[in-house]
Amino acid sequence: MLTAYAENNEITKARMLFDEMPQRNTATWNAMITAYTRSNSHINEAYELFCKVPERNVVTYAVMITGFVRVGMLNEAEKIYYEMPVIGRDPVVSNAMINGYLKLGELEKAVFVFDSMVERNVVSWSSMLDGYCKNGKINEAEVLFQKMPEKNVVSWTTMISGYMKSEQWTNGFELFSKMRRVERIEVNSTTMAVMLETCASLGRFKEGIQIHGLVFSMGFEFDVYLGNSVINMYCRVSRMDDARNVFDMMNKKDVVSWNSLITGFVQNGETEKACTYFEKMPSKDVVSWTNMIAAFSNQGRVEDSLRLFNKMPKKDGIAWTAIISGFVGNGRFEEAFQMFIQMSREAIKPNSHTISSVLCASSGLASLNQGEQIHANVVKMNMESELSIQNSLISMYSKCGDVNTTYKIFSSIRTPDLLSLNSMITSFAHHGLGKEALELFGKMQVEGYEPNEITFLGVLSACVHVGLVNEGWNYFRSMSSMHHIEPGPDHFACMVDLLARSGLFTVALDLIQSMPMKPHSGVWGALLSASRTHMNVDIAELSARHLIELEPDNATPYVVLSNIYSIVGLKEDEKELRLIKNRKGVKKSPGYSWTT
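Just so it is clear, the model here is predicted, and its values are computed rather than measured. (Residues numbered from 1 in each chain as written. Predicted model: local features only at pLDDT ≥ 70, side-chain atom pairs only at ≥ 80, totals over all residues. Heavy atoms only, no water.)

Notes on the overall build of the chain
The condition is simple: Secondary structure is summarised from DSSP: a helix means a run of H or I of at least four residues, a strand means a run of E of at least two, and numbering begins at the N terminus for each. This radius of gyration counts C-alpha atoms alone. The globule rule is 2.2 Å times how many residues there are, raised to the power 0.38. Only protein chains enter the area calculation, which uses a 1.4 Å probe; residues under 20% of their type maximum are buried, those over 50% are exposed, and those in between are partly exposed. Note on contacts: a residue pair is in contact if any heavy atoms of the two residues lie within 4.5 Å. Note on areas: Shrake-Rupley, 1.4 Å probe, and residue coverage restricted to the protein chains presented here. Charge convention: Lys and Arg are scored as positive, Asp and Glu as negative, and His as well as the terminal groups of each chain are ignored. Just so you know, the charge point we use is NZ for Lys, CZ for Arg, CG for Asp and CD for Glu.
Across its full length, the chain holds 36 helices and 0 strands. In terms of overall dimensions, the chain is more spread out than a globule: its C-alpha atoms have a radius of gyration of 32 Å, far above the 25 Å expected for 596 residues. Considering only C-alpha atoms, the chain reaches an extent of 115 × 55 × 50 Å along its principal axes. Buried positions account for 46% of the 596 residues belonging to the chain. Put simply, 55% of the contacts in the chain that link residues at least 6 apart link residues at least 24 apart. Of the roughly 30800 Å² of accessible surface on the chain, 50% is carried by carbon and sulfur atoms. Side-chain charges in the chain split into 58 positive and 65 negative, and the spacing between the mean points of these groups amounts to 3 Å.

Examining the UniProt feature "repeat: PPR" (unreviewed entry) in the chain
Put simply, the rule is: UniProt positions are given in the numbering used here, feature names are shortened, and annotations may be inferred rather than shown by experiment.
Taken from the UniProt record, the annotation "repeat: PPR" (unreviewed entry) applies to residues 25–56, 57–91, 121–155, 223–253, 254–288, 316–350 and 417–451. Secondary structure content for residues 25–56 is 69% helix and 0% strand, and the end C-alpha separation is 10 Å. Taken end to end, residues 417–451 comprises 74% helix and 0% strand; its first and last C-alpha atoms sit 11 Å apart.

Thoughts on unusual backbone geometry
Following Asp90, the chain continues into Pro91 via a peptide bond in cis, with omega recorded as -5°. Structurally, Pro91 is set in the loop between helix H6 (74–83) and helix H7 (92–103). Phi at Asn382 is positive, roughly 60°, even though this residue is not glycine. Among the structural elements, Asn382 can be located in the loop between helix H24 (368–380) and helix H25 (387–399). When its relative accessible area of 67% is taken as the criterion, Asn382 is described as exposed. At Met535, a position not held by glycine, the phi torsion is positive, near 55°. Residue position: Met535 is located in the loop between helix H33 (521–534) and helix H34 (537–550). On the accessibility criterion, Met535 (29% relative accessible area) is partly exposed.

What about the confidence of the model for the chain?
Just so we agree on the cut-off: pLDDT expresses how confident the predictor is about each individual residue, on a scale running from 0 to 100.
Summary statistics for the chain give a mean pLDDT of 90 and a share of 98% for residues scoring 70 or more. Confidence drops under pLDDT 50 across residues 590–596; counting only partners more than four residues distant or on other chains, this segment forms 4 contacts.

Concerning helix H13 (residues 189–202)
Quick note on the threshold: A helix's residues, less one, multiplied by 1.5 Å, set its expected span. Under this definition, polar contacts are N or O atom pairs within 3.5 Å; protein pairs additionally need one hydrogen-donor-capable and one acceptor-capable atom, and for neighbouring residues in sequence, both atoms have to be side-chain atoms.
Taking 1.5 Å per residue, 14 residues should reach 20 Å; H13 reaches 20 Å between its end C-alpha atoms and fits that length. The buried count for H13 comes to 10 of 14 residues, which makes it a mostly enclosed element. Listed as buried for H13 are Ser189, Thr191, Met192, Ala193, Val194, Met195, Leu196, Thr198, Cys199 and Ala200. One side-chain oxygen of the residue at the start of H13 lies 3.1 Å from the amide nitrogen of Thr190, identifying that residue as Asn188.

A few points about the packing of helix H19 (residues 286–298) against helix H21 (residues 317–329)
Quick reminder of the rule: For helices, the axis comes from a line fit to the C-alpha atoms of the stretch in contact; other axes are also lines fit to C-alpha atoms, and the angle between any two N-to-C directions lies between 0 and 180 degrees. Note on terminology: angles under 35 degrees are roughly parallel, angles over 145 are roughly antiparallel, angles of 65 to 115 are roughly perpendicular, and the others are oblique.
At a closest axis distance of 9 Å, the pairing of H19 and H21 adopts a crossing angle of 5°. With respect to H21, the axis of H19 lies roughly parallel. Only Ile318, Ala319, Ala322, Ile323 and Gly326 of H21 make contact with H19, whose side of the interface consists of Thr290, Ile293 and Ser297.

Regarding the packing of aromatic side chains
Aromatic rings considered in pairs are described by the distance between their centres and by the relative angle of their planes. Applicable threshold: Stacked, edge-to-face and tilted labels apply to pairs of Phe, Tyr and Trp rings (six-membered ring for Trp) whose centres lie within 6.5 Å, assigned for plane angles under 30 degrees, over 60, and everything in between, in that order. Geometrically, a charge over a ring is one whose NZ (Lys) or CZ (Arg) sits within 6 Å of the ring centre while staying within 35 degrees of the ring normal.
Taken as a whole, this structure holds 20 aromatic pairs when the rule is applied. Aromatic side chains Phe50 and Tyr61 sit 5.7 Å apart centroid to centroid with 75° between the ring planes, which places their arrangement in the edge-to-face category. With Phe50 in helix H4 (residues 43–52) and Tyr61 in helix H5 (residues 58–70), this pair connects stretches of sequence that are 11 residues apart. Considered together, Phe50 and Tyr61 belong to a single accessibility category, that of buried residues. Aromatic pair Phe114 and Trp125: ring centres 5.2 Å apart, planes at 85°, arrangement edge-to-face. Placement of the pair is Phe114 in helix H8 (residues 107–116) and Trp125 in helix H9 (residues 122–134), with a sequence separation of 11 residues. This pair shows no difference in class: Phe114 is buried, exactly as Trp125 is. An aromatic cluster of at least three residues, connected via ring pairs, comprises Tyr47, Phe50, Tyr61 and Phe68. Across the ring face of Phe50, the terminal group of Arg56 is positioned such that the distance to the ring centre comes to 4.0 Å. Above the face of the Phe114 ring, Arg120 is positioned so that its terminal group lies 4.1 Å from the ring centre.

Concerning a nonpolar patch on the surface
Put simply, the rule reads: Patches here are clusters of residues that have more than 30% relative accessible area and form no salt bridge, with a 9 Å joining cutoff for like charges and a 5 Å cutoff for nonpolar side chains (Val, Leu, Ile, Met, Phe, Trp, Tyr). Every case where a carboxyl oxygen of Asp or Glu lies within 4 Å of a side-chain nitrogen of Lys or Arg is listed as a salt bridge.
On the surface, Ile567, Val568 and Leu570 cluster together into a nonpolar patch covering about 240 Å² of accessible area. Checked against the element boundaries, Val568 lands in helix H35 (residues 556–568).

Re the packing of helix H10 (residues 138–147) against helix H11 (residues 153–165)
Put simply, the rule reads: The hand of a helix crossing depends on one turn: near helix anticlockwise from the far one by less than a right angle means left-handed, and clockwise means right-handed. When residues are sorted by character, Ala, Val, Leu, Ile, Met, Phe, Trp, Tyr, Cys and Pro go into the nonpolar class, Asp, Glu, Lys and Arg into the charged class, and all the rest, Gly among them, into the polar class.
Packing of H10 against H11 brings their axes to within 10 Å, and their N-to-C directions diverge by 155°. In terms of orientation, H10 lies roughly antiparallel with respect to H11. In this structure, H10 crosses over H11, and the sense of that crossing is left-handed. Listed contacts from H11 to Ile138, Ala141, Glu142 and Phe145 of H10 are Ser155, Trp156, Met159, Gly162 and Tyr163. For the contact of H10 with H11, the residue count by class is 6 nonpolar, 2 polar and 1 charged.

With respect to the nonpolar core
Convention followed: Joining through side-chain atoms within 4.5 Å is the link that ties buried Ala, Val, Leu, Ile, Met, Phe, Trp, Tyr and Cys residues into a set, and such a set is a nonpolar core.
Ile65, Met128, Met192, Met292, Ile324 and Leu527 are the most contacted members of the largest nonpolar core, which totals 187 residues. The dominant element in this core, judged by the number of residues it contributes, is helix H31 (residues 489–501), at 8 residues. Setting aside residues no more than four positions away along its own chain, Ile324 makes contact with Ala336, Met339, Phe340, Met343, Thr354, Ser357 and Val358.

With respect to the environment of Phe173
Within the secondary structure, Phe173 is located in helix H12 (residues 169–181). Residues Phe173 and Thr406 lie 233 residues apart in sequence; the distance between their C-alpha atoms is 46 Å. Once residues within four sequence positions are removed from consideration, Phe173 is found in contact with Met164, Met195, Thr198, Cys199, Leu202, Arg204 and Glu207.

Side note on the environment of Met16
If you trace the backbone, Met16 turns up in helix H2 (residues 11–20). With relative accessibility at 49%, the residue Met16 sits in the partly exposed group. Taking the C-alpha atoms as reference points, Met16 and Val537, 521 residues apart in sequence, are found 97 Å from one another.

Regarding H10
What counts, and what does not: This arc is built from the directions going out from the helix axis to the C-beta atoms.
Considered for burial, the residues of H10 that qualify are Ile138, Ala141, Leu144 and Phe145. End-on view of H10: buried residues confined to an arc of 115°, all on one side of the axis. Exposed and oriented more than 90 degrees from the buried face of H10 are Asn139, Gln146 and Lys147. Looking at the packing, one finds that the buried side of H10 touches H8, H9, H11 and H12.

So, in structure tokens, the structure goes:
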């Protein structure tokens, strides 16, 4: 009766019965402790009972330790583990401790327990194997896998998954083949799901079809979990007809099946088809609604996105974040702030993505006051140490012109990532602090960070602001020679700007001629701007002509060239250019500034 009450979550009745029992043995105490440990809210009652047990056995310790591990109370579990007689720890209790340590990322402590075990079972080995793989220690995992006295399908699947997650695709595929053909291990649905996920990530369509065929031949075609994995695989390799065929053939579909297909349509730009299936969906969850909100926003259909959001029966923080991000992504920053305020009134707690989106809106408006208010909320919510928010704060303060606070926030980051460093380098460069930008670039290389395209844009921009031509050339050339990064149009634009500002127009034109892609307006715009500084009419005319071809409605080349004509005394040319501009109906946009 005690066990029956416990298994049906009748904890109060179980305790009443326990208290009424005229006689109890160790099994009775264990049953009551087990009932308490099944509920996180009753873990303290379980421990109080544990302390009162007259005679504890291995099960008593195992149940209590497992209960503490489940709720993340590792210190309490550890204390009981080392109080327990050594002879009874292995393998069940030690396995519980290993899993608890691994769950909290304490790999070294898990290794210590594993190495201390006298008796290990396949669960012990598989748990450690999973721990090594999840911590990126694939070499240690390989050694452990080879030493395993007994391997089951979980062990093989864990090792295959480890290879895949560490991007050792060939090893993963080879181990999968060996598992089936050499060792004759019967794969399960988890193994197949890992392989399908890998094919999707790599875009390996042919292998994906083979795995799908294997799913069918092994009788897994009615497995909803695997069916969803197959749909996801086809969606991610842009084979939407195949994904839809699998979906239509499934005898049983759950909400994940519908969401997987709808997400696939959205990601492949087929919003109307996604909308059709969304309308047919028998039971929609928050994910379903949020996917469609994001889909409409990505297409610039903000009104449709808002209409759908307002129809949602229940909105969570993810849905609110989606609609706010949609407004931000479409440049409707004020409305993003209004939605954020409404979200706060609804007592929905924002997550780091929400905060990052609102800070992006502050950047878009160059509204330092609003950005500072969001920053204050971040501090109140104790989210200031989250890296994604710190990076967003760096971007916001930089774009609002407060480079001192930008650097202060950057300096407070314990372990900055590449995004943090790029943002700070770019901020220094844009605020005329080229020397500081280049010093930070040098420091990040010493510390082992590998720069990317964005890093070099910031570095080249810094060289432009400080006028370091030789250094700029060296950095530009090192992109491909040392870092295997091919310069893009924006990198060429920076170099053209750097050369032209220094009056090296011939070198700048040679560089433009060498570009492997067609120069965009930024390249010719940089040349035009420099030609105005140096009053080089020929270069100005050349640059303006290319700019007019690229952007016929842009008045800037007309205005700049006209001003140059005026300054150098070419009144007739100036007059003719103004007539051409007026005849084409090109109008100068009124100037404005968001900064005060």
